[in-house]
Amino acid sequence: MKKNIFISFVIFFVFFLKLAHSEELVGIPEVIDGDTLKINEKKIRLFGIDAPESKQLCKKVYLSIFSFHKEYLCGDRSTLNLKKYIKHDILNCKVKGKDRYKRYLAICYKNNTDLNEWLVSTGNAVAYRKYSKKYILYENEAKKKKIGLWSGIFEMPWDWRKKN
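Residues numbered from 1 in each chain as written. Predicted model: local features only at pLDDT ≥ 70, side-chain atom pairs only at ≥ 80, totals over all residues. Heavy atoms only, no water.

## Some words on the overall build of the protein
The helix and strand tally for the protein stands at five helices and 12 strands. Within the protein, the fraction of its 164 residues that count as buried is 38%. The long-range fraction of contacts in the protein, counting pairs at least 24 apart against all pairs at least 6 apart in sequence, stands at 54%. Carbon and sulfur atoms make up 57% of the accessible area of the protein, which totals about 10,800 Å². (Helix = DSSP H or I, 4+ residues; strand = E, 2+ residues; numbered from the N terminus. Buried < 20%, exposed > 50% of the residue type's maximum accessible area, 1.4 Å probe, protein only. Contact = heavy atoms within 4.5 Å. Areas by Shrake-Rupley, 256 points an atom, 1.4 Å probe, with all protein chains shown as cover.)

Here you go:
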């Protein structure tokens, strides 16, 4: 009996510690780029997604008869779309940990909308499969609809970073 009480106490204590360590960052963010924010001087990397870099060029078809492509800075477009979507609204970011650059890894919400999901489902970012499978379905839908990045030709952000 004492052993069961002790085990129950240990399980409760571990669960309580886990809850106590789950952190939320709340505030009006500064958008750094398509997958990075800053709230109250804390840098946040959006978990499970990857957006193009600011200097990354993508191609979009502008004359389909001859398949002409026009280059554009897709990282800048992703950043601008994120800024427009957030406006000056308060975000609630649920921290999942920290990355090697000491940025908070988080899923952020605007009201009840998962911002990470929104970025992927609108083609402004891709699912970062290396770290999470959570957003793959939304990426597949954006790809099928040919929206955002998927309306043209682009290199996955992690491949572009390796080369540049």
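## Quick word on the state of the cysteines
As enumerated under the stated definition, the model contains two disulfides in all. The partner cysteine of Cys58 in its disulfide is Cys74, sulfur to sulfur 2.0 Å. The sign of the 60 degrees torsion about the S-S bond sets the Cys58-Cys74 disulfide as right-handed. Residue Cys58 is located in strand E6 (residues 57-63), and its partner Cys74 is located in helix H2 (residues 74-86); the two are separated by 16 residues in the primary sequence. Across the pair, exposure class does not vary: Cys58 and Cys74 are buried alike. Between Cys93 and Cys108 runs a disulfide, and the two sulfur atoms are separated by 2.1 Å. Because the sign of the S-S torsion sets the handedness, a value of about 110 degrees for the bond joining Cys93 and Cys108 places this disulfide among the right-handed ones. In this pair, Cys93 is assigned in strand E8 (residues 91-98) and Cys108 in strand E9 (residues 104-110), connecting sequence segments 15 residues apart. (Disulfide = S-S within 2.5 Å.)

## Overview of helix H4 (residues 136-145)
Listed in full, the buried residues belonging to H4 are Ile136, Glu139 and Ala142. Down the axis of H4, the smallest arc covering the buried residues is 120 degrees, so these residues share one side. Every exposed residue of H4 that faces more than 90 degrees away from the buried side is listed here: Leu137, Lys144 and Lys145. Contact partners of the buried residues in H4: helix H3 (115-121) and strand E11 (126-127). Of the residues flanking the end of H4, it is Lys146, one or two places downstream, whose phi is positive at about 55 degrees. (Arc of directions from axis to C-beta.)

## Re the packing of aromatic side chains
How two aromatic rings sit relative to each other is set out by the distance from centre to centre and by the angle between their planes. Applying the stated criterion across every chain yields a total of five aromatic pairs. On the numbers, 4.9 Å between centres and 85 degrees between planes, the contact of Tyr128 with Tyr131 is edge-to-face. When the ring of Trp150 is compared with that of Phe154, the centres are 4.8 Å apart and the planes differ by 80 degrees; the resulting orientation is edge-to-face. Classification of Phe154 as buried rests on a relative accessible area of 18%. Chaining the aromatic ring pairs together yields one cluster made of Tyr128, Tyr131 and Trp158. We note Lys98 situated over the ring of Tyr104; from NZ or CZ to the ring centre the distance is 4.5 Å. Over the face of the ring belonging to Tyr85 we find Lys110, whose NZ or CZ atom lies 4.3 Å from the ring centre. (Phe/Tyr/Trp six-rings, centres within 6.5 Å; stacked < 30°, edge-to-face > 60°. Lys NZ or Arg CZ within 6 Å of the ring centre and 35° of its normal.)

## Quick look at the side chain of Thr36
Looking at the secondary structure, you find Thr36 in strand E3 (residues 36-39). Its relative accessible area of 2% is what places Thr36 among the buried residues. Not counting chain neighbours up to four residues away, the residues in contact with Thr36 comprise Glu30, Val31, Lys43, Ile44, Arg45 and Arg103.

## Concerning the confidence of the model for the protein
Summarising the model, the protein shows a mean pLDDT of 89, and 84% of its residues fall at 70 or more. Here residues 6-20 scores under 50 on pLDDT; set against residues more than four positions off or in separate chains, the count is zero contacts. (pLDDT = per-residue confidence, 0-100.)

## Examining the nonpolar core
Grouped together as the largest cluster of nonpolar side chains are 27 residues, with contacts concentrated most on Leu37, Ile44, Leu91, Cys93, Cys108 and Leu115. If you list the elements that add at least two residues to this core, you get E3, strand E4 (42-46), H2, E8, E9 and H3. (Core = buried A, V, L, I, M, F, W, Y, C linked by side-chain atoms within 4.5 Å.)

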